[in-house]
Amino acid sequence: MTYSGAVKVGGPADVHELPDLMISKVAVGPMNNNAYLLRCRATDEQLLIDAAAEPETLLNLIGDDGIASVVTTHRHGDHWGALAEVVGATGARTYAGVHDAEGIPVPTDVPVADGDTVTVGRVTLTARHLVGHTPGSIALIYDDPHGHAHVFTGDCLFPGGPGRTTQPSEFNSLIDGLEEKLFEQLSDETWVYPGHGNDTTLGAERPHLAEWRERGW
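Residues numbered from 1 in each chain as written. Predicted model: local features only at pLDDT ≥ 70, side-chain atom pairs only at ≥ 80, totals over all residues. Heavy atoms only, no water.

A.B. asks: Hey, could you go over the overall build of the protein chain for me, with residue numbers and the actual values?
C.D. replies: Helix and strand counts for the protein chain stand at five helices and 15 strands. Expected size for 217 residues packed as a compact globule is a radius of gyration near 17 Å; at 16 Å, the protein chain falls within 12% of this value. When its C-alpha atoms are laid out on the principal axes, the protein chain stretches across 50 × 35 × 30 Å. Put simply, the protein chain has 217 residues, and 51% of those count as buried. Taking the contacts inside the protein chain whose residues are at least 6 apart along the sequence as the reference set, 51% of them involve residues at least 24 apart. (Helix = DSSP H or I, 4+ residues; strand = E, 2+ residues; numbered from the N terminus. Rg over C-alpha atoms; globule rule 2.2 N^0.38 Å. Buried < 20%, exposed > 50% of the residue type's maximum accessible area, 1.4 Å probe, protein only. Contact = heavy atoms within 4.5 Å.)

A.B. asks: Tell me about the nonpolar core, and name the residues and values.
C.D. replies: Ranked by size, the top nonpolar core spans 22 residues in total, and within it Ile23, Leu38, Leu47 and Phe152 carry the most contacts. Beyond its immediate sequence surroundings of up to four residues, isoleucine 23 is in contact with Asp14, Val15, His16, Leu18, Tyr36, Leu37, Leu38, Phe152 and Tyr193. Counting residues in hydrophobic clusters, the runner-up holds 20 residues, among them Val26, Ile67, Val70 and Val86. (Core = buried A, V, L, I, M, F, W, Y, C linked by side-chain atoms within 4.5 Å.)

A.B. asks: Talk me through the side chain of lysine 25; I want residue IDs and the actual numbers.
C.D. replies: You can see lysine 25 is positioned in strand S2 (residues 21-28). On the basis of relative accessibility, which here comes to 0%, the residue lysine 25 falls in the buried class. At a separation of 2.6 Å, a polar atom in the side chain of lysine 25 contacts the main-chain carbonyl oxygen of glycine 5. Of note is the side chain of lysine 25, whose polar atom sits 2.9 Å from the backbone oxygen of glycine 197. (Polar contact = N/O pair within 3.5 Å; in protein donor to acceptor, adjacent residues only side chain to side chain.)

A.B. asks: Before we move on, could you go through the sheet that holds strand S7 (residues 110-112) and cite the residues and values that matter?
C.D. replies: Strands sit in the order S1-S2-S3-S4-S5-S6-S7 across an open sheet of seven strands; the sheet is mixed. Sheet topology places strand S1 (14-17) and S7 at the edges, where each strand pairs with a single neighbour. On average, each strand axis in the sheet is tilted by 20° relative to the strand beside it, whichever way the strands run. Bridge analysis of strand S3 (residues 33-40) against strand S4 (residues 46-49) gives four bridges, and the strand direction is antiparallel. (Pairing = 2+ DSSP bridges. Axes fitted to C-alpha atoms, helices over the stretch in contact; angles between N-to-C directions.)

A.B. asks: Tell me about the packing of helix H1 (residues 55-62) against helix H2 (residues 83-90), and please be specific about residues and values.
C.D. replies: Any two packed helices are characterised by how steeply their axes cross, that is the angle between the axes, and by the distance between the axes. In the contact formed by H1 and H2, the axes pass within 9 Å of each other and the chain directions differ by 40°. As the angle between them shows, H1 and H2 are arranged oblique. At the point where H1 passes H2, the crossing takes the right-handed sense. Where H1 abuts H2, its residues Pro55, Leu58, Leu59 and Ile62 lie against Glu85, Val86, Ala89 and Thr90. Residue composition of the contact of H1 with H2, by class: six nonpolar, one polar and one charged. (Parallel < 35°, antiparallel > 145°, perpendicular 65-115°, else oblique. Left-handed = near helix turned anticlockwise from the far one by under 90°. Nonpolar A, V, L, I, M, F, W, Y, C, P; charged D, E, K, R; others polar.)

A.B. asks: Residue-level account of the packing of aromatic side chains, with values.
C.D. replies: Per the stated rule, a full pass over the model turns up seven aromatic pairs. Note on phenylalanine 152 and tyrosine 193: the rings are 4.6 Å apart at their centroids and 20° apart in plane angle, and the pair reads as stacked. Separated by 41 residues along the polypeptide, phenylalanine 152 in strand S11 (residues 149-154) and tyrosine 193 in strand S14 (residues 191-194) bring together distant segments of the chain. By the burial criterion, phenylalanine 152 is buried, and tyrosine 193 matches it. Site record: aromatic cluster; members linked through ring pairs are Tyr3, Tyr36, Phe152, Trp191 and Tyr193. (Phe/Tyr/Trp six-rings, centres within 6.5 Å; stacked < 30°, edge-to-face > 60°.)

A.B. asks: Tell me what's going on with the sheet that holds strand S10 (residues 137-143), and back it up with residues and numbers.
C.D. replies: The mixed open sheet is built from six strands, whose spatial order is S8-S9-S10-S11-S14-S15. One side of each edge strand has no neighbouring strand; the edge strands of this open sheet are strand S8 (117-120) and strand S15 (200-201). On top of the sheet, helix H3 (residues 168-183) reaches strand S9 (123-130), S10 and S11; it is set at about 150° to S9, its chief contact.

A.B. asks: How would you explain the pairing of S4 if you had to name every residue and give the values?
C.D. replies: The side chains of a regular strand alternate, residue by residue, between the two faces of the sheet. Of the two faces of S4, the one carrying Gln46 and Leu48 and the one carrying Leu47 and Ile49 are both buried. Between S3 and S4, which pair antiparallel in sequence order, lie five residues; one of them, aspartate 44, sits at a positive phi of approximately 70°. Pairing of S4 with strand S5 (residues 69-72) involves three bridges; the strand directions are parallel. Along S5, the bridge assignment pairs leucine 48 with valine 70. Between the parallel pair S4 and S5, the chain is carried across by H1, and the sense of this crossover is right-handed. (Right-handed = clockwise from strand over helix to strand, strands pointing away.)

Spelled out as structure tokens, the structure:
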């Protein structure tokens, strides 16, 4: 089956099979949050991005192999609603942006700063700190040696624009960070996995950067 990234709450996961990494995407909870299970194909170690809601759904997705770690992309409650239950059941290490960790009620074992790396088996993810949606949001970049990059953006980038901000200064910070740390560094083929809704690519969104700046959201 070809991966589309189109999932719905109560439906099956969609699996993106890469040479070194398997990415399973599932939608959970009343806000249609996306959670992503990453599995290193060489070691079978697993990592979960955003234990958002529905712990039973996430634990069924994880399966008997468990997970080594959970990364929370940012402090908003709809992205960590199942974190305590998932960590309690699996003993996973917890990661979050250093400036958002205090807003997450489950203790963060490893605070993550801009440029830090998180590993799952033999696969390395690079964190980029993006300020605006929250003070400490992080995106995670997997630079696939066999192809293009893949980036998990939390609520910082969606199809159609940046994530929600409430002040002009927050928007300016977020759009500046997206341009500097994602659009200027990564190719058009880069696959974007957001915190809600469908996936996109940087190439699909790049032509609209000036439009987003003009509208201010």
